[in-house]
Amino acid sequence: MNNDTDIQLSGPFKATDGSGRAHDIKAIRIFDEGYGIIDVYVDFAAPLEAGAYKDKTLVDHILARLRSLGYVGPDFGHGDLGLQDKKLIVLEAPEEFSAFAVSKGWKDLSAEFDED
């Protein structure tokens, strides 16, 4: 995690996967600025099984955490497969996530190019 460019949305918590295994999540974070679609980075304390980013139960627990912090909107999809890692799940947030991200300090760089 790079504290210079990251916004931490959540600190540590536990989430359970579809097999009933509990996982320690260290943080949920986003980069402090971007264009439109926001990738949400979920850092785990221990390595995950391959394909964990597709585990609906695990992703639902992550979304429940974000909703408990104020996010209101649809579920996320998984981010680019090349971004997934042994201790990291990257989720792609829907457009509705932007308002929540802005409330946490995210800057939408595309807003500078909007024509009124």
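Draft legend 1. Local environment of the packing of aromatic side chains. Tallied over the full model, the rule gives six aromatic pairs. Ring centres 5.2 Å apart and planes at 80 degrees place the aromatic pair F76 and F97 in the edge-to-face group. You can see F76 sitting in the loop between α1 (56-68) and β6 (77-78) and its partner F97 sitting in helix α2 (residues 97-103), a full 21 residues away along the chain. When its relative accessible area of 10% is taken as the criterion, F76 is described as buried.

Draft legend 2. Local environment of the environment of A15. Note on placement: A15 falls in strand β2 (residues 13-16). The residues contacting A15, other than those within four sequence positions of it, are R21, A22, H23, I25, L58 and H61.

Draft legend 3. Structural detail: the side chain of S10. Relative to the elements of secondary structure, S10 occurs in strand β1 (residues 6-10). A polar contact of 2.9 Å, which involves the side chain of S10, links it to the side chain of R65. Not counting chain neighbours up to four residues away, the residues in contact with S10 comprise K26, A27, I28, R65 and L69.

Here is what the cut-offs are and how they apply
Residues numbered from 1 in each chain as written. Predicted model: local features only at pLDDT ≥ 70, side-chain atom pairs only at ≥ 80, totals over all residues. Heavy atoms only, no water. Phe/Tyr/Trp six-rings, centres within 6.5 Å; stacked < 30°, edge-to-face > 60°. Helix = DSSP H or I, 4+ residues; strand = E, 2+ residues; numbered from the N terminus. Buried < 20%, exposed > 50% of the residue type's maximum accessible area, 1.4 Å probe, protein only. Contact = heavy atoms within 4.5 Å. Polar contact = N/O pair within 3.5 Å; in protein donor to acceptor, adjacent residues only side chain to side chain.

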